[in-house]
Amino acid sequence: MHRLTGYRDRWSVKPGGMICFMVSSAGDQDFSVRFVRHACADPNPDGPGYSETPMPTVQDGVVQGREQHAFLGSFGKAGLSADLSAGVRLSATIWPTTPNKGLQGVLAMRIGAWEFALGVGPHGGAMAMATGPDGTVIHAEVPQSLLERRWTDISAELGPDGGLRVTQAPHAPLWDDGAATAQAAAPDSGQAAIFIGALPPDRVAPARAHFNGKIERPAIEAAGTLLAAWDFSIGIDTQTATDLCPQAAHADLVNLPTRAMTGSNWTGEVHDWKAAPGQYGAIHFHDDDQGPLGWSESFRLTIPEDWPSGFYAAHIRNEQGEDYLPFIVRPAEPRSDVALLVPTFTYQVYGCHVRPGRGAEIAGRATAWGSLAQTPDMNPQFGLSTYNHHSDGSGVSLATQHRPMLDTRPRQFVLMDPAEGGSGTSRWVADCYIHQFLNTIGVAHDVITDHDLHEEGEAALAPYRVVIAGQHPEYHSLRMMMAFEAFLGAGGRLMYLGGNGFYWRAELSDDRPDTLEVRRAEGGIRVWETMPGESYHSFGGGYGGLWRRIGRSGHRLVGINFSVQGRHLGFPYRFVDGIHDNRVAFMTEGLRLQTGEVFGDAGYMGGGAAGFELDSVNPKYGSPPHALVVAKGIVIHPDYAPVNEDMLVIRHPLKQEDWSCADMTFFETASGGAVFSVGSMTYAGSLMVNGGETTLGRLTANVVRRFADPAPFALPFAVPME
């Protein structure tokens with residue numbers, strides 16, 4: 001387990017603005033803090049050269065340490081005044097996903113030392129459990145196991161004399177209803193703490209015995225009167241469960257259980273929860289959900305006014321270990337015509353990607369390189385990525401930035417790069433290559449983030465003539481996609497220096513703005529799929545899945561889109577005839593090129609510029625008719641396969657060289673702007689080979705400089721008058 005780690009409260013901050021850091025230090029040990037700016041964040045001694053510059057602040061020095069905890073498992077918590085002198089009844093409709101996993105709480109209440117709970121018992125049947133004031137625990141469990149992924153009504157009654165009874169009634173029974181009885185202590189009365197989806201805590205954790213599965217219509221009844229009845233079809237876009245009874249015992253949902261889930265009355269005829277919210281009255285709880293940790297603040301920093309825009313980190317350290325907590329400083333006011341857009345939506349969606357055995361796999365190289373060695377699989381307490389499955393097999397759809405993301409750091413690598421001298425970098429470190437390259441070629445630029453773009457929309461891009469999308473800008477919200485379209489419509493120039501970009505929709509929560517949601521609907525390369533009726537986001541209610549399926553394919557925006565995936569191997573590009581077109585003469589300035597010439601055949605990511613995930617042109621999905629392909633990184637390799645959304649039958653409709661490739665593409669817009677796309681996730685790793693003095697580096701520099709030139713681009717054909 002990581003003994004010194006933390007997170008910050010936001011991805012980016014302007015000079016004069018405040019950023020806060022939350023740190024856990026095991027044993028409450030003090031730690032030192034300093035701030036650094038990264039020119040290059042790659043720790044590979046054979047890489048382009050790790051470089052950090054100390055940025056002294058008044059905050060530098062020793063900070064008092066505090067051990068802070070992370071507990072998995074979602075649940076709801078509320079308070080209720082309860083007179084139970086005439087007895088009490090708990091009830092709910094459930095859809096259990098792991099009924100035989102052991103004790104699980106569905107609905108529970110605690111008054112002082114007395115507790116009463118309805119849940120799943122140790123043997124898989126519905127269970128009632130009563131704990132008397134003296135600590136004696138009595139439980140009754142239905143002998144028949146609950147049916148996995150089948151709706152069942154369950155209830156528990158505790159009479160005024162302590163008579164205990166539990167029942168279960170499956171909606172589509174394979175056998176008769178079940179019941180069990182026992183004798184327990186009489187119910188208590190007073191102010192009750194209510195738990196939905198878990199049992200009350202018995203130690204440090206805020207709850208225990210978390211439920212896996214959907215819960216619908218939990219209710220508490222006393223003396224024939226409902227004390228509480230929660231309707232989960234209300235407030236689906238929030239993390240509050242609404243109680244319909246007079247006390248309004250609304251429950252706070254802890255650790256991000258999943259909403260907009262089909263209920264027991266879902267007919268299959270409606271797939272948008274907004275059209276029939278009454279059919280979406282269920283919440284899916286998981287025993288490994290993880291939400292914003294809510295750690296107390298350890299230190300904060302007001303960003304000095306003279307700090308330039310760029311990649312920064314708070315470096316924390318003590319005898320137990322060290323960590324870097326990364327953040328972006330964006331400009332208080334735009335200082336350049338060029339902006340590097342850091343894909344923090346993608347960082348957050350991938351963050352905490354648990355890959356079993358990864359920590360052990362990289363340990364030797366991490367030690368040799370002096371890089372950060374802690375990985376998500378070594379720290380399961382911080383939860384999962386949306387590229388993982390929950391313990392019950394369902395996909396993870398929610399991800400918060402308010403937790404340590406141990407695979408999204410400077411001075412680290414996350415992949416065992418098979419290429420000789422390869423760095424195995426991704427995300428933060430890979431995008432820092434682009435930052436380093438721009439500095440090396442002398443192009444002043446501001447750095448902004450996806451989260452800035454989502455918050456501000458078109459206004460975030462409007463001050464810039466050139467926006468550079470990073471190494472892997474895969475996830476965007478509707479607001480972001482509309483902002484890109486508006487930017488290009490106003491004459492902006494967009495450079496896309498990555499691969500597998502503009503692919504999935506992701507939406508931020510208005511209720512919990514630290515949290516992103518992904519619904520993996522229909523096609524797409526994906527590790528899990530949404531279940532029938534559950535493809536609309538709970539955040540905002542929009543349809544989830546690929547932008548291609550939602551009418552905003554990346555082909556339309558940047559000319560290309562994801563078409564092939566393979567191992568983390570890099571291959572070269574070759575120029576094609578399009579490079580000789582006068583429209584792109586600016587690209588070849590200072591270069592003597594010919595069709596078929598190889599370039600990008602070295603790099604710090606996989607050993608070449610075209611690899612891992614590649615994008616290609618496809619007019620069927622919106623590539624502009626005048627999009628000009630100037631080079632192709634064709635990868636014919638047994639480990640490379642097409643994206644499944646293109647596979648209507650077992651054979652791909654195109655020739656392999658037309659889909660298993662990275663198409664370097666250029667086109668102009670009607671408003672005087674232009675787009676340049678490279679279509680490869682390993683391209684960024686080739687920018688700094690030989691200090692940027694390569695054919696690939698010079699061509700990229702030529703594009704940046706021409707795009708920054710205010711002279712308008714012209715379409716290669718006349719635009720018809722309306």
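Every chain's residues receive numbers from 1 upward, in the order its sequence appears when written. In keeping with the model being predicted, local features are shown solely for residues with a pLDDT of at least 70 and side-chain atom pairs are shown and tallied solely at 80 or more, while totals for entire chains, interfaces and linings include all residues. To get the side-chain values, all heavy atoms of the structure are used, and hydrogens and water are removed first.

J.: Can you tell me about the overall build of the chain, naming the residues and giving the values?
T.: Of the regular secondary structure elements, the chain holds nine helices and 42 strands. Both definitions apply: the radius of gyration is a C-alpha atom measure, and the globule rule equals 2.2 Å times residues to the power 0.38. Taken over C-alpha atoms, the radius of gyration comes to 28 Å for the chain, in line with the 27 Å a tight globule of 722 residues would show. Taking the principal axes of the C-alpha coordinates as reference, the chain spans close to 95 × 60 × 45 Å. When checking whether two residues touch, look at their non-hydrogen atoms; a contact exists if any pair is within 4.5 Å. Intrachain contacts of the chain at a sequence separation of at least 6 include 73% that bridge at least 24 residues. Under the counting rule used here, the positive set is Lys and Arg, the negative set is Asp and Glu, and His together with the chain ends is not counted. The atom standing in for a charge is NZ when the residue is Lys, CZ when it is Arg, CG when it is Asp and CD when it is Glu. The centroid of the 54 positive side-chain charges in the chain is displaced by 4 Å from the centroid of its 79 negative side-chain charges. Helix numbers and strand numbers start at the N terminus; a helix is a DSSP run of H or I with at least 4 residues, a strand a run of E with at least 2.

J.: With reference to specific residues and values, describe the sheet that holds strand β27 (residues 398-400).
T.: We treat two strands as partners when DSSP finds at least two bridges between them. Overall, antiparallel pairing links the three strands, which are arranged β27-β34-β33 in an open sheet. Each edge of the open sheet carries a strand with a single partner, namely β27 and β33 (507-508). Bridge analysis of β27 against strand β34 (residues 515-517) gives three bridges, and the strand direction is antiparallel. Bridging from a neighbouring strand, Thr-400 pairs with Thr-515 of β34.

J.: Hey, could you go over the packing of aromatic side chains for me, with residue numbers and the actual values?
T.: Here the aromatic set is Phe, Tyr and Trp, taking the six-membered ring for Trp, and pairing holds for ring centres within 6.5 Å; pairs whose planes are under 30 degrees apart are stacked, those over 60 apart are edge-to-face, and all others are tilted. In this structure the tally under the stated criterion is 37 aromatic pairs. Taking 5.0 Å as the distance between ring centres and 5° as the angle between the ring planes, the aromatic pair formed by Trp-307 and Tyr-312 counts as stacked. Residue Trp-307 is classed as buried on the basis of its relative accessible area, which comes to 5%. For each residue, the accessible area found with a 1.4 Å probe, counting protein chains only, is set against the maximum for its type, and the residue is called buried under 20%, exposed over 50%, and partly exposed in between. In this structure Tyr-312 comes out as buried when scored by relative accessible area, which is 0%. Here the aromatic rings of Phe-575 and Phe-599 are separated by 4.1 Å at their centres, their planes lie at 15°, and the arrangement is stacked. Separated by 24 residues along the polypeptide, Phe-575 in strand β36 (residues 573-575) and Phe-599 in strand β37 (residues 598-599) bring together distant segments of the chain. Taken individually, Phe-575 and Phe-599 each receive the classification buried, so the pair is uniform in this respect. Joined through ring pairs, the aromatic side chains of Phe-21, Phe-31, Phe-35, Phe-299, Trp-307, Tyr-312 and Phe-327 make up one cluster. Lys-214 extends its terminal NZ or CZ atom over the ring of Trp-95, reaching a point 4.5 Å from the ring centre. To sit over a ring, a charge needs its Lys NZ or Arg CZ within 6 Å of the ring centre and within 35 degrees of the ring normal.

J.: Give a detailed account of the nonpolar core, specifying residues and quantitative values.
T.: Generally speaking, nonpolar side chains in soluble globular proteins are found buried as a group. We call a set of buried residues a nonpolar core when its members are Ala, Val, Leu, Ile, Met, Phe, Trp, Tyr or Cys and they connect through side-chain atoms within 4.5 Å of each other. Residues Tyr-573, Met-587, Met-664, Phe-676 and Phe-707 are the most contacted members of the largest nonpolar core, which totals 73 residues. For Phe-707, the residues in contact, after removing those within four places along its chain, are Arg-465, Val-466, Arg-493, Leu-494, Met-495, Phe-586, Phe-666, Ala-674, Val-675, Phe-676 and Phe-713. Grouped together as the second largest cluster of nonpolar side chains are 46 residues, Leu-107, Ile-154, Leu-164 and Val-166 included.

J.: Any details on the sheet that holds strand β23 (residues 299-302)? Residues and values, ideally.
T.: Read from one edge to the other, the open sheet built from three strands follows the order β1-β3-β23, with strand pairing classed as antiparallel. Because the sheet does not close on itself, it has two edges, and the strands there are β1 (4-8) and β23. Averaged over all neighbouring strand pairs, the angle between strand axes comes to 25°, with direction disregarded. Of the strand pairs in this sheet, β1 and strand β3 (residues 18-25) are connected by five bridges, and their pairing is antiparallel. In the strand pairing of β3, Thr-5 is matched with Ser-24. Under this scheme, a helix contributes an axis fitted over its contacting stretch, all axes are lines through C-alpha atoms, and angles between N-to-C directions fall in the 0 to 180 degree range.

J.: Which residues make up the side chain of Thr-386, and what values go with them?
T.: Mapping Thr-386 onto the fold places it in the loop between α2 (358-369) and β27. Assessed through its relative accessible area of 1%, Thr-386 is described here as buried. Side-chain atoms alone can form a polar contact between residues adjacent in sequence; in general such a contact is a pair of N or O atoms within 3.5 Å, and within protein one must be able to donate a hydrogen while the other accepts it. Of the polar contacts made by the side chain of Thr-386, one reaches the backbone oxygen of Val-349; its length is 3.1 Å. Setting aside chain neighbours within four positions, we find Thr-386 in contact with Val-349, Val-396, Ser-397, Leu-398, Ala-399, Arg-520, Val-527 and Trp-528.

J.: So, the environment of Ser-535: which residues are in play, and what are the values?
T.: Its location among the elements puts Ser-535 in the loop between β34 and α7 (554-558). You can call Ser-535 buried: its relative accessible area is 13%. Sequence-wise, Ser-535 and Ala-521 are 14 residues apart; in three dimensions their C-alpha atoms are separated by 5.3 Å. Among all residues touching Ser-535, those that are not within four sequence positions of it are Arg-519, Ala-521, Thr-530, Gly-542, Tyr-543 and Gly-544. Polar contacts involving the side chain of Ser-535 include one to the side chain of Thr-530, which spans 2.9 Å.

J.: Quick rundown of α2? Include the residues and the values.
T.: A helix is expected to reach a length of 1.5 Å times the quantity of its residues less one. End to end, α2 covers 16 Å across 12 residues, agreeing with the expected 16 Å (1.5 Å per residue, within 8%). Taken residue by residue, α2 has Arg-358, Gly-359, Ile-362, Ala-366 and Trp-369 as its buried positions. Buried residues of α2, viewed axially, fall in a sector of 85°; they line one side. Exposed and oriented more than 90 degrees from the buried face of α2 are Ala-360, Gly-364, Thr-367 and Ala-368. Gly-370, located one to two residues past α2, shows a positive phi value of around 70°. Throughout, the arc means that of the directions going from the helix axis to the C-beta atoms.

J.: Could you give an account of the state of the cysteines, with specific residues and numbers?
T.: What counts as a disulfide here is a pair of cysteine sulfur atoms lying within 2.5 Å. Scanning all chains against the criterion turns up zero disulfides. Cys-40 forms no disulfide, and the closest cysteine sulfur to it belongs to Cys-432, at a distance of 6.1 Å.

J.: Could you give an account of helix α3 (residues 427-440), with specific residues and numbers?
T.: Taking 1.5 Å per residue as the helical rise, α3 with its 14 residues ought to reach 20 Å, and the 20 Å between its terminal C-alpha atoms agrees with that figure. When you tally the buried positions in α3, you get 12 out of 14 residues, the bulk of the element. Taken as a whole, α3 has its buried residues at Arg-427, Trp-428, Val-429, Ala-430, Asp-431, Cys-432, Tyr-433, Ile-434, His-435, Gln-436, Phe-437 and Leu-438. At the C-terminal side of α3, Gly-442 shows a positive phi close to 80°.

J.: Describe unusual backbone geometry, and please don't skip the residues or the numbers.
T.: As a rule of thumb, non-glycine residues mostly have phi less than zero, and peptide bonds are mostly trans rather than cis. Despite not being glycine, Arg-427 shows a phi value in the positive range, around 50°. Looking at the element boundaries, Arg-427 is found in helix α3. A positive phi is found at Asn-500, a non-glycine position, where the angle reads about 50°. Residue classification places Asn-500 among the buried residues on the basis of a relative accessible area of 1%.

J.: Could you give an account of the side chain of Ser-25, naming the residues involved and the relevant values?
T.: Mapped onto the elements, Ser-25 comes out in strand β3. Exposure remark for Ser-25: the relative accessible area of 0% places this residue in the buried category. With near-sequence residues (within four places) excluded, Ser-25 lies in contact with Arg-3, Leu-4, Phe-31, Gly-65, Arg-66, Glu-67, Asn-318 and Gln-320.

J.: I'd like to hear about the environment of Met-495, residue by residue, with values.
T.: Among the structural elements, Met-495 can be located in strand β31 (residues 493-496). Linking Met-495 and Asn-702, residues 207 residues apart in sequence, is a C-alpha distance of 12 Å.

J.: With reference to specific residues and values, describe the pairing of strand β14 (residues 163-170).
T.: Only one face of β14 is buried: it carries Leu-164, Val-166, Gln-168 and Pro-170, and the other face, with Gly-163, Arg-165, Thr-167 and Ala-169, is open. Bridge count between strand β13 (residues 152-158) and β14: seven bridges; the pairing is antiparallel. From the neighbouring strand, Leu-158 faces β14, where its bridge partner is Leu-164. What sits between the antiparallel neighbours β13 and β14 is a turn of four residues, in which Gly-162 has the positive phi angle 90°. Both β14 and strand β15 (residues 178-183) contribute to a ladder of six bridges, which runs antiparallel. Counterpart to Gln-168 in the pairing with β15 is Gly-178.

J.: Any chance you could break down the environment of Val-338 for me, citing the residues and the numbers?
T.: If you trace the backbone, Val-338 turns up in strand β26 (residues 338-342). Measuring from C-alpha to C-alpha, the distance between Val-338 and Ile-468 comes to 7.6 Å, with 130 residues separating the pair along the chain. Beyond its immediate stretch of four places on either side in the chain, Val-338 contacts Val-443, Ala-444, His-445, Asp-446, Tyr-464, Val-466, Ile-468 and Ala-708.

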